[in-house]
Protein chains: 2
Amino acid sequence: MEKEKKFVEAITSMDEDFAQWYTDIVKKAELADYSSVRGCMVIRPYGYAIWENIQKELDKRFKETGHENVYMPMFIPESLLNKEKEHVKGFAPEVAWVTQGGNEPLTERMCVRPTSETLFCEHFAKIVQSYNDLPKLYNQWCSVVRWEKTTRPFLRTMEFLWQEGHTVHATAKESEEETIRMLNLYASFCEDFLAIPVIKGQKTDKEKFAGAKATYTLEALMHDGKALQAGTSHNFGDNFAKAFNIQYTDKDGKLKYVYETSWGMSTRIIGAIIMVHGDDSGLVLPPKVAPTQVIIIPVSQHIEGVLDKANEIKDRVCKIARVKMDTSDKMPGWKYNEYEMKGVPIRLEIGPRDIQKNQVVLVRRDTREKYFVPMDQIESRINSLLCDIHNSLYNKAKAIRDEKTYTVSNMDEFKEVAENKPGFIKAMWCGDRECEEKIKEVAGTTSRCIPFEQEHISDKCICCGKEAKYMVYWGKAY
Amino acid sequence: MEKEKKFVEAITSMDEDFAQWYTDIVKKAELADYSSVRGCMVIRPYGYAIWENIQKELDKRFKETGHENVYMPMFIPESLLNKEKEHVKGFAPEVAWVTQGGNEPLTERMCVRPTSETLFCEHFAKIVQSYNDLPKLYNQWCSVVRWEKTTRPFLRTMEFLWQEGHTVHATAKESEEETIRMLNLYASFCEDFLAIPVIKGQKTDKEKFAGAKATYTLEALMHDGKALQAGTSHNFGDNFAKAFNIQYTDKDGKLKYVYETSWGMSTRIIGAIIMVHGDDSGLVLPPKVAPTQVIIIPVSQHIEGVLDKANEIKDRVCKIARVKMDTSDKMPGWKYNEYEMKGVPIRLEIGPRDIQKNQVVLVRRDTREKYFVPMDQIESRINSLLCDIHNSLYNKAKAIRDEKTYTVSNMDEFKEVAENKPGFIKAMWCGDRECEEKIKEVAGTTSRCIPFEQEHISDKCICCGKEAKYMVYWGKAY
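Just so it is clear, the model here is predicted, and its values are computed rather than measured.

A.B. asks: Before we go on, may I ask you to explain the overall build of chain A in this structure?
C.D. replies: Looking only at helices and strands, chain A has 15 helices and 23 strands in total. At 25 Å, chain A has a C-alpha radius of gyration in line with the 23 Å of a compact globule built from 478 residues. Along the first, second and third principal axes, the C-alpha atoms of chain A reach 80 × 55 × 50 Å. Across the 478 residues that make up chain A, the buried fraction comes to 49%. In chain A, the share of contacts with a sequence separation of at least 24, taken over all contacts with a separation of at least 6, comes to 69%.

Here is the structure:
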């Protein structure tokens, strides 16, 4: 009873307190929990099952594009971290330092990896000698640590899980192609698998990764109008190759530097799933990533024949979808709430009356629409519903994003929108860092990206009035 | 040419220098490499692909037995590690301490997890309230750190990858059943998947896990006669439950402590694969774990028709096995050596003469036997060969183990064998720690386990002459 009560409690509504709504979902859908380790979370079975589905799909796509998995040490000696200057400047202030091993102080302290460029570079320098050794297309699944001041489950945690791809190539052209290839891979993963529409673009110099020549990004818009960087792909050019002396002998017999990329996606994306699709009844999971796609709830299960029929249906459905059945002695209403909270895409109800009518009831999580489906059409209707739900989640998310995307042509308009209308702001920019910083001062709004799909709003930078170079997406971000 | 030369070099022979033979295989089969991080290794694509196959199979078996994956923080605050006294005594001397975050010293230092009992206990205490919440059957894939003085790739590294299962149960009986269930799961995984025969048994009190009531183990024998602990399963009883106050309300309304288990298998097992199956030409991989099961080498591939035919065969074989083809311009002989070094179970050669004869050549890695196989029997012969290779590797390993297992009935015999014949020694023991320690002094030989399958060698402990309680396996261990 204790536990039932806990579940029937409603969560905070999104409009009332978005941050609390988010935290409520994380806890009540049992995605993650806090621990006594500051800023670190416990990822619970349901949350981890979502991550496993993300991993499985991404890993498959990485392998299809020729990438291989490796594992590097989790520690970086300070002298190794210091080798690339921009990189260490960006990361040193936010790393955890190991200074003691067993009972002895270390002669050189090591940080827990915040990202592994330096380790990969050291390894590449050892294994790459000739043009025959190129490219090396590596990926690593691991956890990394960044000493964040304020943390929130999935969105910003001191430790998080991710994958980091690291590749080396013979030419600048190839490394640029790889950087864009992986950005596109992430984009289609977000859209086709997670039903999250994304804007593809390039980060400004101010916002790019520490040590990169160019950082490309995917920007998604959350329900509350804040942006979230869903994945990034960096082209390092030969920056790191020079710092780590990664050279190869080319066909012409000359020693040349390699060109390098890295790209990553993290458990943060689970935060995006929550904030793009969720509603006031809880999580709404896109079908492809949902650990359970169909939950079967037998109604009046004590009546003879109901459980048998439900089991028979489960055996059929498990061939086409990830299905579970709840035969606990809780009330159906309680169960409906629980699986809505957990965002299961389809609920299948089957009771004595349904059996009489030779039908089942299917209920969509996203729209709550109810369908009475003849027994012999269960599989085909579930298949088409899963497909419909994905598309409709994507379209809804895109409509909300478009609705919350504003176009402005001068600083007054920018200020007005930035202060009152959460969302993306499209505005022209001259390309100068000074203007970018001034615009940020207006309302804490940073440049999200220079989108690949440029639009011409006006000829002038909204800040300095000089000739504009780019149309930029601005916004507040997680 | 540079690289070809490197590969044709033979490796050190096993009899000449076993340790060097092992290191040569690790490096030349490109399983792992050293890094500038003391005691940590880089797991290269081929080594990691082996680990991925191990993970995939174990994970499937864990899920089939009702276990769910979770992820706990990688840090443990010192006060949390200190909660269970035996546990902290065992692990504190060998952990890495984080004392600084960013630019600030921590008020409480944290260790990088050497194992995660304490974190799981803290979490269980929060989420377990009633008998309805039990059992919780959790598993975690992660890396852990132990500050080892001397390290060797896979066998003993400061950081290693593993899985750690942690479960809580309502009764002592259930936790004991779980402990044995997981030991059996590991045993059949070792035997059916890795072709490694194992002895199942219990650790003596001296050798058990810090904080456990009972530790069960799988002991495997390496080529050089040294033992390796392939997996362990611990029953904690209510030790940790009391230290962490993990209680639940039972059906009778009373508050009771839970009973807990943990069990683990690590990248160490890759060391066992090398040392149980390898030979003087390199790695020998059991087919089920091999990243590539069949390597196709086209012979005289410049001659018209050869590559077409080879591709046609590859398309057929990829439906039944993990297959790769090497069409590089290296000499076939070089390729034969390389894939022998890498332990690929079957080599398929196809050249102009084979095409004429409507056949291919299959060569087993383990016995080097050569078979001329008609084109229309390729699939069936590969299937049966893969099966044969597995069985024959298992039988060979078992024969070597049996040959190197000695039965002794007094201390003189023990000393004689321990000093001259590397292997397992079976001998009777009274159960007293004092005798166990004296036996260890004889020749650095420790108790490996009290096997489940007991034999009666004599009535007396070989050390003190008093009544023997157990027949014990003794040996030197990795």
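Next comes the rest of the description.
A.B. asks: When you look at the nonpolar core in this model, what are you seeing that I'm missing?
C.D. replies: As a rule of thumb, soluble globular proteins bury nonpolar side chains together. In this structure, Ala220 of chain A together with Ala220 of chain B are the most contacted members of the largest nonpolar core, which totals 283 residues. Here alanine 220 of chain B is in contact with Cys190, Ile196, Pro197, Val198, Ala227, Leu228, Ala230, Ala272 and Val276 of chain B, once residues within four sequence places are set aside.

A.B. asks: How should the domain arrangement of chain A be read in this particular structure?
C.D. replies: A common measure of how large an interface is: the accessible area buried when the components associate. Per the domain assignment, the segments making up chain A are domain 1 (16-277), domain 2 (292-387) and domain 3 (405-475). Of note, the centres of domain 2 of chain A and domain 3 of chain A, computed from C-alpha atoms alone, are 49 Å apart.

A.B. asks: Help me understand the relation of the copies chain B and chain A, please; the structure alone is not making it clear to me.
C.D. replies: A rotation about some axis, followed by a shift along it, carries one copy of the chain onto the other. Superposing chain B onto chain A takes a rotation of 180 degrees plus a shift of 0.0 Å along the axis, which leaves an RMSD of 0.0 Å. Put plainly, the chains are arranged around a two-fold axis. Within chain B, the C-alpha atom positioned nearest to the axis of rotation is that of valine 98 of chain B, 2.1 Å from it. When you check the interface residues of chain B against chain A, 100% turn up at the interface there too, and the contact is symmetric in its surfaces.

A.B. asks: Got a minute to help me understand the pairing of strand S15 (residues 294-298) of chain A in this structure?
C.D. replies: Put simply, side chains in a regular strand alternate between the two faces of the sheet. Residue and element names in this part refer to chain A. The buried fraction of S15 amounts to five of the five residues, a majority that puts the element mostly inside the structure. The two faces of S15 match: Val294, Ile296 and Pro298 on one face and Ile295 and Ile297 on the other face are all buried. In this sheet, strand S16 (residues 323-325) lies alongside S15 in parallel orientation, the contact comprising three bridges. Bridging across to S16, isoleucine 295 finds its partner in lysine 324. In the classification by handedness, the crossover that spans S15, the intervening helix H10 (residues 306-317) and the parallel S16 is right-handed.

A.B. asks: Which parts of the structure should I look at to understand the sheet that holds strand S5 (residues 96-101) of chain A?
C.D. replies: Picture the strands of a sheet paired through backbone hydrogen bonds; they go either parallel or antiparallel. Here six strands make up an open sheet; going across it, the order is S4(A)-S6(A)-S5(A)-S5(B)-S6(B)-S4(B) and the pairing antiparallel. If you trace the sheet from one side to the other, it starts and ends with strand S4 (75-77) of chain A together with strand S4 (75-77) of chain B, each paired once. Across this sheet, the average inter-strand angle for adjacent strands is 45 degrees, counted without regard to direction. Bridging between S5 of chain A and strand S5 (residues 96-101) of chain B involves five bridges; their strand directions are antiparallel.

A.B. asks: How do you make sense of unusual backbone geometry when you look at a structure like this?
C.D. replies: Most peptide bonds take the trans form, and the phi angle of most residues other than glycine is negative. Residue leucine 134 of chain A is joined to proline 135 of chain A through a cis peptide bond whose omega torsion reads -10 degrees. Summarising the element assignment, proline 135 of chain A is placed in the loop between helix H6 (117-127) and strand S7 (136-145). Positioned with a positive phi, glutamate 30 of chain B is a non-glycine residue whose angle comes to about 60 degrees. Positionally, glutamate 30 of chain B belongs in the loop between helix H2 (18-28) and strand S1 (32-34). According to the C-beta neighbour criterion, glutamate 30 of chain B is partly exposed, with 17 such atoms within 10 Å. With phi around 70 degrees, phenylalanine 154 of chain B is a residue other than glycine that occupies positive phi space. Turning to its location among the elements, phenylalanine 154 of chain B is positioned in the loop between strand S7 (136-145) and strand S8 (159-169).

A.B. asks: Looking at this model, I keep getting lost on the environment of tyrosine 216 of chain B. Mind explaining?
C.D. replies: Residue and element names in this part refer to chain B. Note on placement: tyrosine 216 falls in strand S10 (residues 214-221). Here tyrosine 216 falls in the buried class, since 29 other C-beta atoms lie within 10 Å of it. In the structure, tyrosine 216 is positioned 52 residues away from glutamate 164 in sequence and 15 Å away in space, judged by C-alpha atoms. What tyrosine 216 contacts, discounting residues up to four positions off in sequence, is Thr179, Ile180, Leu183, Gln202, Thr232 and Ser233.

A.B. asks: What's the story with the pairing of strand S10 (residues 214-221) of chain A in this structure? I'm lost.
C.D. replies: All names here are of chain A. Burial of S10 is extensive: seven of the eight residues sit out of reach of the surface. Pairing of strand S9 (residues 199-202) with S10 involves four bridges; the strand directions are antiparallel. Bridged to glycine 201 within S10 is threonine 217. Bridge count between S10 and strand S11 (residues 227-237): eight bridges; the pairing is antiparallel. Across the sheet, residue alanine 214 finds its bridge partner in S11, namely asparagine 235. Between the end of S10 and the start of S11, which pair antiparallel, lie five residues, with glycine 225 showing a positive phi angle near 85 degrees.

A.B. asks: What is the right way to look at the interface of chain B and chain A in this model?
C.D. replies: Residue-level contacts link 47 residues of chain B with 47 residues of chain A. A total of six residues in the side of chain B that touches chain A trace back to one element, the largest contributor, which is S5 of chain B. Residues that form the side of chain B that touches chain A fall into these classes: 24 nonpolar, 13 polar and 10 charged.

A.B. asks: Honestly, the sheet that holds S15 of chain A in this entry has me stumped. Any pointers?
C.D. replies: Residue and element names in this part refer to chain A. Read across the sheet, five strands follow the order S16-S15-S17-S18-S19 without closing on themselves; strand pairing throughout is mixed. Because the sheet does not close on itself, it has two edges, and the strands there are S16 and strand S19 (370-374). Looking at each pair of strands side by side, their axes are set apart by 25 degrees on average, direction ignored. Set on the sheet, H10 makes contact with S15, S16, strand S17 (346-350) and strand S18 (359-364); between it and S15 the angle comes to about 170 degrees. Here helix H13 (residues 378-403) sits on the sheet and contacts S15, S17, S18 and S19; the angle it forms with S18, its principal contact strand, is near 5 degrees.

A.B. asks: Help me understand the packing of helix H10 (residues 306-317) of chain B against helix H13 (residues 378-403) of chain B, please; the structure alone is not making it clear to me.
C.D. replies: Think of two packed helices as two axes; the pair is described by the angle between the axes and how far apart they sit. Residues and elements named next belong to chain B. One way to put it is that H10 packs onto H13 with a least axis distance of 10 Å and a crossing angle of 55 degrees. Looking at the two axes, H10 sits oblique to H13. Handedness of the crossing formed by H10 with H13: right-handed. Of H13, the residues touching H10 (which contributes Ile313, Arg316 and Val317) are Ile378, Glu379 and Ile382.

A.B. asks: Would you mind going over the confidence of the model for chain A with me for this structure?
C.D. replies: Do not read the fine detail of predicted coordinates wherever pLDDT is low. Residues and elements named next belong to chain A. Across chain A, pLDDT averages 95, with 98% of residues at or above 70. pLDDT under 50 marks residues 1-8. Its contacts with residues more than four places away, or in other chains, come to 10 contacts. Scored as a whole, the predicted complex attains pTM 0.96, and scored at its interfaces, ipTM 0.95.

Criteria and cut-off values
Along each chain, the written sequence defines residue order, and numbers are assigned to residues from 1. For naming, the first written chain is A and the first written ligand is 1, with later ones following in the order written. The model is predicted, so local features are restricted to residues of pLDDT at least 70 and side-chain atom pairs to those at 80 or more, both for listing and for counting; the totals for chains, interfaces and linings are taken over all residues. Labels follow the DSSP assignment, with helices taken as runs of H or I lasting at least four residues and strands as runs of E lasting at least two, numbered in each case from the N terminus. Throughout, the radius of gyration refers to the C-alpha atoms, and the reference size of a globule is 2.2 Å times the residue count to the power 0.38. Three classes are used. A residue is buried when 20 or more other C-beta atoms lie within 10 Å of its own, exposed when 12 or fewer do, and partly exposed in between, with C-beta atoms placed from the backbone. Throughout, a pair of residues is in contact if the C-beta atoms placed from their backbones lie within 7 Å. Note on terminology: a nonpolar core is a set of buried residues of type Ala, Val, Leu, Ile, Met, Phe, Trp, Tyr or Cys, with members joined through C-beta atoms within 7 Å. Marked domain ranges trace back to an automatic or database domain assignment. For the least-squares superposition of copies, only C-alpha atoms count, and only for residues with pLDDT at least 70 in both. Strand pairing requires that DSSP identify at least two bridges connecting the strands. Note on handedness: a crossover is taken as right-handed if, strands pointing away from the viewer, the path from the first strand over the helix to the second is clockwise. Every axis corresponds to a line fitted to the C-alpha atoms, with the helix fit spanning only the stretch in contact, and the corresponding angles, defined between N-to-C directions, vary from 0 to 180 degrees. Each residue gets one label: Ala, Val, Leu, Ile, Met, Phe, Trp, Tyr, Cys and Pro are nonpolar, Asp, Glu, Lys and Arg are charged, and the others, such as Gly, are polar. Roughly parallel here means an angle under 35 degrees, roughly antiparallel means over 145, roughly perpendicular means 65 to 115, and every remaining angle is called oblique. Two helices crossing with the near one rotated counterclockwise from the far one by less than a right angle form a left-handed crossing, whereas a clockwise rotation gives a right-handed crossing. Confidence scores here are pLDDT values: one per residue, from the predictor, ranging 0 to 100.

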